[in-house]
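Architecture and fold: a report
This is what each chain is made of:
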Amino acid sequence: MFFLVALSVLTLGFTYVGWRLIEPANLSAPWSLLAWGAWFGFMLLPPLNLMLRLVRKKRGANAIMSWLTYLSMGVLNYLFLLILLRDVSGLILWGIQKTASAVTVATSSSFQFDNAVQRRALVHRTNVAILGLVGAIVMYGVYAARRRPRIVEVKIPFEHLPEDLTSLRIVQISDLHVGPTIKRDFVERVVAQVRSLAPDIIAFTGDLADGSVNDLRREVEPLTKLSARHGKFFVTGNHEYYSGAEAWIEEARRLGFTVLMNEHRVIQHGRARILLAGVPDFNAGHILSHHLSDPAAASSNAPAVGLKILLAHQPRSIFAAAQAGFDLQLSGHTHGGQFFPWNFLVPLQQPFVKGLHRYQNTWVYVSCGTGYWGPPLRIGAPAEVAVIRLLRK
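Anyway, here's the lowdown on the structure attached to this text. (Residues numbered from 1 in each chain as written. Predicted model: local features only at pLDDT ≥ 70, side-chain atom pairs only at ≥ 80, totals over all residues. Heavy atoms only, no water.)

This part is about the nonpolar core. Within the largest apolar cluster, 36 residues are counted, with the highest numbers of intra-cluster contacts made by Leu176, Val194, Phe204, Leu208, Leu223, Leu226 and Phe257. Of all elements in the fold, only β2 (169–173), α6 (184–196), β3 (201–204), α7 (213–220), α8 (245–254) and β12 (384–392) reach the threshold of two or more residues within this core. For Leu208, the contacting residues outside a window of four places in its chain are Leu176, His177, Val178, Val220, Leu223, Phe234, Glu240, Trp248 and Leu255. Core analysis: the next-biggest nonpolar cluster, separate from the first, contains 27 residues, Val154, Leu276, Leu330 and Ala386 among them. (Core = buried A, V, L, I, M, F, W, Y, C linked by side-chain atoms within 4.5 Å. Buried < 20%, exposed > 50% of the residue type's maximum accessible area, 1.4 Å probe, protein only. Helix = DSSP H or I, 4+ residues; strand = E, 2+ residues; numbered from the N terminus. Contact = heavy atoms within 4.5 Å.)

Another point: the pattern of salt bridges. Summed over all chains, the structure comprises 13 salt bridges. In this structure, Arg20 and Asp87 form a salt bridge, with 2.8 Å as the shortest nitrogen-oxygen distance. With a gap of 67 residues between them, Arg20 in helix α1 (residues 2–22) and Asp87 in helix α4 (residues 59–101) connect regions that are remote in the sequence. Taking the relative accessible area as the measure of exposure, Arg20 reaches 16% and is therefore buried. Looking at Asp87, the relative accessible area reads 17%, which means it is buried. A salt bridge links Glu221 to Arg184; the shortest N-O distance between them is 3.2 Å. Here Glu221, found in the loop between α7 and β4 (232–234), pairs with Arg184, found in helix α6; they are 37 residues apart in sequence, far enough to count as distant. (Salt bridge = Lys/Arg side-chain N within 4 Å of Asp/Glu carboxyl O.)

Within a sheet, neighbouring strands are paired by backbone hydrogen bonds and run either parallel or antiparallel to one another. One open sheet holds the 6 strands; their spatial order is β1-β12-β2-β3-β4-β5, and the pairing between them is mixed. Each edge of the open sheet carries a strand with a single partner, namely β1 (150–158) and β5 (258–259). Sheet strands in contact with α6 are β1, β2, β3 and β12, and its direction is about 170° off that of β2. (Pairing = 2+ DSSP bridges. Axes fitted to C-alpha atoms, helices over the stretch in contact; angles between N-to-C directions.)

What α7 keeps buried is the set Val213, Leu216, Glu219 and Val220. The buried residues of α7 occupy an angular sector of 120° when projected down its axis, which confines them to one face. Of the exposed residues in α7, those oriented more than 90 degrees away from the buried face are Asn214 and Arg218. The elements touched by buried residues of α7 are α6 and α8. (Arc of directions from axis to C-beta.)

A separate point is the pairing of β12. Where β1 lies against β12, 9 bridges are found, and the strand directions are parallel. Of the residues in β12, the one forming a bridge with Arg150 is Glu384. Examined bridge by bridge, β2 and β12 share 4 bridges and lie antiparallel to one another. Within β12, the position partnered with Gln172 by the bridge is Ala386.

Viewed as axis vectors pointing N to C, α7 and α8 meet at an angle of 25°, and their least axial separation amounts to 11 Å. Between α7 and α8, the angle falls in the class roughly parallel. Considering how the two elements wind past one another, α7 and α8 form a crossing that is right-handed. Seen from α7, the contacting residues are Val213, Leu216, Arg217 and Val220; seen from α8, they are Ala247, Trp248, Glu251 and Arg254. For the contact of α7 with α8, the per-class residue count stands at 5 nonpolar, no polar and 3 charged. (Parallel < 35°, antiparallel > 145°, perpendicular 65-115°, else oblique. Left-handed = near helix turned anticlockwise from the far one by under 90°. Nonpolar A, V, L, I, M, F, W, Y, C, P; charged D, E, K, R; others polar.)

In β3, alternate side chains face the same way, and those of Ile201 and Ala203 on one face and Ile202 and Phe204 on the other are all buried. In this structure, β2 lies alongside β3, joined through 4 bridges in parallel fashion. In the sheet register, Ile173 faces β3, and the bridge partner there is Phe204. Note: β3 against β4, 3 bridges, orientation parallel.

We now examine unusual backbone geometry. The phi angle of most residues is negative, glycine excepted, and most peptide bonds adopt the trans form. Looking along the chain, the bond that leaves Phe340 and enters Pro341 is cis, with omega of 5°. Here Pro341 is to be found in the loop between β9 (328–331) and α11 (342–345). The phi torsion at His333 lies on the positive side, around 75°, for a residue other than glycine. If you trace the backbone, His333 turns up in the loop between β9 and α11. Phi at Gln338 is positive, roughly 65°, even though this residue is not glycine. The residue Gln338 is located in the loop between β9 and α11 in this model.

So, in structure tokens, the structure goes:
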């Protein structure tokens, strides 16, 4: 059902954009047919890519098709938005002109929206400008998504924080999404960055990969080189459940991570102790009933500690985390919105989109993510590796 809805939306979007791009160009019959043929070929990229991924043949060809597909989706996103904005603006101006003409007589030299030739010429000229603008936006978005993630230092104040915990360095990575367009070379760059930060704890807050373990084992292998003084920890995200959660949990363990499934570890740092807990993805229980996310269970039977931290993929776990008495939750999932207009849609599902926030007595930090998902674009939400520092308030 999801793929049917997605393909229907893509088809409608592609058809509308093609109609508004090709028709105003006023091409002669052979060239018009050729343009529509090329555009329909462009439209077929998403279903063809899906079919190639299902048959899993010729991985090199699959990678090229994935890049073309996801780039086409990014291009369509901005073409659709800008053309729709242009058309709506033109409709409003036409309405104003019609209203004005009812009370005044327009001069013969003024532009008339009722003049089909003038209107077609104007639409064609704006189409050329829109194509240039979309090209620039997409090129920047690809550069921003593929460059080395930025290092973000996050300082969080706590009352009554033990002095020894002020030296603790938690490095968070999230939403790496190794798969169709993110490969081993990208993972190696992230690993080098994390190692350079000399972390005490590494926290991976879900969405490691998009695909099966068999297909992506070599791509994620550099993560074995990650190490931290008190260990590296992993919780599942929603994408683990799209491609075999149990297999990915075992793979995460093979990569050296401690996987926290509604459980915790007590970590001694100097003379102070912290409780580090983790839960499966917020919706995991709908797919595997024994993976039901439960922050309260994750901290049950815990000893007295100086600070309680929860790793939870989705920010909306914060309500249960606060009720369970956690001091801090580290999350991802949102990608910070990744690019317009999705940054305005994420708040419809999540209480927080990115950055540091406070809910009741619990802090929550939402990472923008270390990789990206779908179109290889990031605009206004740069990829990051977060360094969490604890301060005494």
